[in-house]
Amino acid sequence: GGRRPNLVPLVTEAYIWDQGVFMGSIIGSQLTAAAEGTVGQVRRDPFAMLPFCGYNMADYFGHWTHFREKLGFLSPKIFYVNWFRQDSTGRFIWPGFGENSRVLKWVCERVDGVGKARPTPLGYLPTHDALDTDGIDINPQDMLDLLSVDTEGWLQEITEIRKYYDQFGDRLPMALLQNAAALESRLHGGANVAPTQNEELLSWVEVMKQSLTPDDIHWCNGSDAEYQFLCDLLVQRGTFVRLNPENHPNSFVARSNPDDVVRHSKDVFVCAQSQQDVGPTNNWADPQLMKDKLSSLFQGSMKGRTMYIVPFCLGPLDCKLSKVGIQLTDSPYAVLGLRATTRMGYRVLNLLSKDQPFAKLVHSVGAPLAAGQQDVPWPCNPEKRLIVQFSDTAELWSYGSGYGANSIMSKACFALRLGSVMAKREKWLVSRCVIISVAPPTGAKYYMCLLLPSSCGKTGLAMMVPKIPGWKVTCVGDDIAWLYIGRDGRLYAINPENGFFDTATGRSTIRDTGIIETIKSNTIFSNVAVTGEGNVWWEGLTKDPPQQITDWQGKPWTPGSGTPAAFWNGRYLTPHSNCPCMDPDSEHPQGVPISAFVFGSRRTDTLPLVHEAYHWAAGTAIGATLSTLDAGQIKYDPYAMRSYCGIDIYDYIAQWDALRDELGYNLPKVFHMNYFREDADGHIMWPGYGENSRLLKWIWQRIDGSGKVARTPIGFVPPAQELDTKGLDLSPEVVTKLLKVDRDEWDAEVDRIRSFYRKLGKVPDSLEAELKAILTRFDTQMSACGIPFSDTSVPAGAYHTQAR
């Protein structure tokens, strides 16, 4: 900070580290007494070190500049304070002394990510209502003066700063001159001056600007003001419908083109030099041929539009596993989606040193505008839709679609597909799963990863409200985990995302109370219906539809219309901060320690309600054969990653198999759930939803060493009398059926699994060995008449007994 009666605002936050160093290098105080020198002259005291620096001050500046490289993700924010501003009569406007704690309070709020701020040419300044002024006598005009930016005054100041810098000659770090030039450009209205010194980023943006030819560019800062501006813009364009602010504050519904509503696997390609690196579950393309095709498609694709440059981070900002991505897009909807689901904005650019690598993501709706051409509410080009991953260069390209999964490229494209490539290379693991904690009224809290294929209720589990009194479930994430082995030898998980993007259609105010509470405000819905009162609606939300409804295509709708009011894939985008059950450690840079993997399938028979693998190899086999019954066909989905794995699925399964040797006795337990089993009349026997907490209770007990089990040929199950069914209308006979393991069904299952393995081409030997072991255990443990299970109790510690 300095002592200036004008020009310098009360408090300013630097956009990036180098800008903060620039601010520190020009600290100055305006002389007030003739004895000090010329009255009114500014005396510079860089970093308050002028009398104390024992070597060339320019080298000291360079020391600060290069220190950022050592800090990495741990670089502090930088602020500049000046509580000596005066009005025209010479009166100090700010009371100072102990009241300066109000300024420091805002600084702390900014560090914590909650303080309100507005971008200015100087940096971030508090908004008019951001500073706590309760109890002090300061009027609104004084606050405006304290936080104003005198453009002409600062342009004159830059001239003086350059004269000051001249004395240091060639030793002055170039970064300081560059920041002075950048400030001058911003003061002249150059809002698109890049708020970064990363040379690769600056070069790439310039190359892409020449290719994409946008009319304008905008560096996204992630502020609330920017968010509101883009929402208002989309309302004006007819893309968004603003919802009733009383029931859905700051929320909107987007209506997409009916031909641009889902992700199509046929449009997704993975490019790598070796086709073997891609495997049988991906569409491979030659990298150079695909580059040529994309160059043609993207040439001029943003003409008539704004190119938004969106910096974002997957994972907590101070986590070593986190990855920075920069997405170029011409879709404001994509910008809003990235803000809702990632850590986005200038705070991410602060993490990028001059030469730090980042993932490059390019997205265009593929609908350039000629001069004077009228735009449409949802521009897209579905006939030429293409989503491409370049594994060897960490690039992602998406063309022709504005739909969330195709335009918000941080999720499936980066966190899963490209993430699996990075994880294989860097020796960690990507998983498409829920991360939750489960805790009883008294006792330890255990974290679990739940891996289930689509349409199995992942998000419902993530935001579950348990039906068992006193038990609590908290959410770390609902879709993706990045897993690594910590220094203590245990497995840890971080959630790379910072928000939810999931299906809205079908959610119920009765069954899905956690989700409904989460999406009440600050939410962007897509392709759902809107009521006459300005509220959202979809089939299943309430028992009866409201009287007046506009469907997802903007047409009047009644129950007799013969078409759904909401599209089956209607979605919502909302930040984690909305969720009432987020775990307090969800943003911990170390992640959370995982005590169990819980796999899941959607099957009407064969698989019991819940069971525990005998050992890790058996658990690996369970994860490799997750399955769903779809239109009468059983479809296998290894680790729920078949559509999201950017590497050969064999290599991915092998990563799981290898964890046994890497973790040793720190292995999490492995379980499987199937709450979709049906009776002879085709009715699902288990109530599901919040009642699934009863299954999690038994899993918790097994982790804690208190849960009882019975043996079956496929693993441990809870004895029927041990499963907590208190308050449920379930007879002992139904519970027995839910836990039944049938020989005939498993003979057929083993044949199906072997057929699936042959389609994959190759699988780790341990998977085939486990199939043989299951059949052997049927021969030795059960009679031919299909006894559900034996009564042998097995202690929890027996899990790790495995020869290898």
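Scope of this entry: the structure provided in the associated data block. Small disclaimer: the values here were computed from a predicted structure and weren't measured. (Residues numbered from 1 in each chain as written. Predicted model: local features only at pLDDT ≥ 70, side-chain atom pairs only at ≥ 80, totals over all residues. Heavy atoms only, no water.)

## Considering the overall build of the chain
For clarity, the cut-off: A run of H or I in DSSP becomes a helix once it reaches four residues, and a run of E becomes a strand once it reaches two; helices and strands are each numbered from the N terminus. Throughout, the radius of gyration refers to the C-alpha atoms, and the reference size of a globule is 2.2 Å times the residue count to the power 0.38. Note on exposure labels: buried denotes an accessible area under 20% of the residue type's maximum, exposed denotes more than 50%, and partly exposed covers the range between, all computed with a 1.4 Å probe on protein chains only. Should any heavy atoms of two residues lie within 4.5 Å, those residues are counted as being in contact. To measure how exposed things are, a 1.4 Å probe is used in the Shrake-Rupley method; for residues, cover is taken only from the protein chains shown. Only four residue types enter the charge count: Lys and Arg as positive, Asp and Glu as negative, with His and the chain ends excluded. Note that the charge is assigned to NZ on lysines, CZ on arginines, CG on aspartates and CD on glutamates.
Each helix and strand in the chain was counted, giving 21 helices and 37 strands. For the chain, whose C-alpha radius of gyration is 30 Å, the value lies close to the compact-globule estimate of 28 Å for 804 residues. Considered along the principal axes of its C-alpha atoms, the chain spans approximately 105 × 60 × 60 Å. Out of the 804 residues in the chain, the part that is buried amounts to 58%. Across the chain, the fraction of contacts at a sequence separation of at least 24, relative to all contacts at a separation of at least 6, is 74%. Here the chain displays about 33200 Å² of accessible surface, and carbon together with sulfur accounts for 51% of that area. Treating the 79 positive side-chain charges of the chain as one cloud and the 89 negative ones as another, the clouds have centres 2 Å apart.

## Some thoughts on the pairing of strand β33 (residues 627–630)
What counts here: The pairing criterion is simple: DSSP has to find at least two bridges between the two strands.
Two strands pair when backbone bridges link them, and β33 and strand β34 (residues 633–636) are joined in this way by four bridges, in the antiparallel orientation. Bridged to Leu629 within β34 is Ile634. From the end of β33 to the start of β34, which pair antiparallel, there are two residues, and Ala631 there has a positive phi angle of about 55°.

## Structural notes on the sheet that holds strand β8 (residues 240–242)
The following threshold applies: Between N-to-C directions, angles cover 0 to 180 degrees, with each direction set by a line fitted to C-alpha atoms, over the stretch in contact for helices.
The five strands lie next to each other as β8-β9-β25-β30-β24, forming an open sheet whose pairing is mixed. Where the open sheet ends on each side, the last strands, each with one partner, are β8 and β24 (499–503). With strand direction ignored, the average angle separating the axes of adjacent strands in the sheet is 20°. When strand β25 (residues 524–526) meets strand β30 (residues 571–575), the two strands line up antiparallel, connected through three bridges. Opposite Ser526, over in β30, you have Arg571 as the bridge partner. Helix α8 (residues 224–237) rests against β8, β9 (252–254) and β25 of the sheet, and its axis sits at about 105° to β8.

## Looking at the side chain of Asp583
Here is the rule we go by: Two N or O atoms count as a polar contact when they lie within 3.5 Å, although within protein this holds only if one can serve as hydrogen donor and the other as acceptor, and sequence-adjacent residues are included solely when both atoms are side-chain atoms.
As for its placement among the helices and strands, Asp583 is situated in the loop between β30 and β31 (592–600). Classification of Asp583 as buried rests on a relative accessible area of 3%. Polar contacts involving the side chain of Asp583 include one to the side chain of Thr474, which spans 2.6 Å. Leave out the neighbours within four places in its chain, and Asp583 touches Ser437, Lys445, Tyr447, Thr474, Cys475 and Val476.

## So, unusual backbone geometry
Phi angles above zero are rare outside glycine, and Thr213 is one such case at about 50°. The topology assignment puts Thr213 in the loop between α7 (199–212) and β7 (216–219). Taking relative accessible area as the criterion, Thr213 reaches 31% and is therefore assigned partly exposed. One non-glycine residue with positive phi stands out, namely Thr606, at about 70°. Note that Thr606 resides in the loop between β31 and β32 (610–612).

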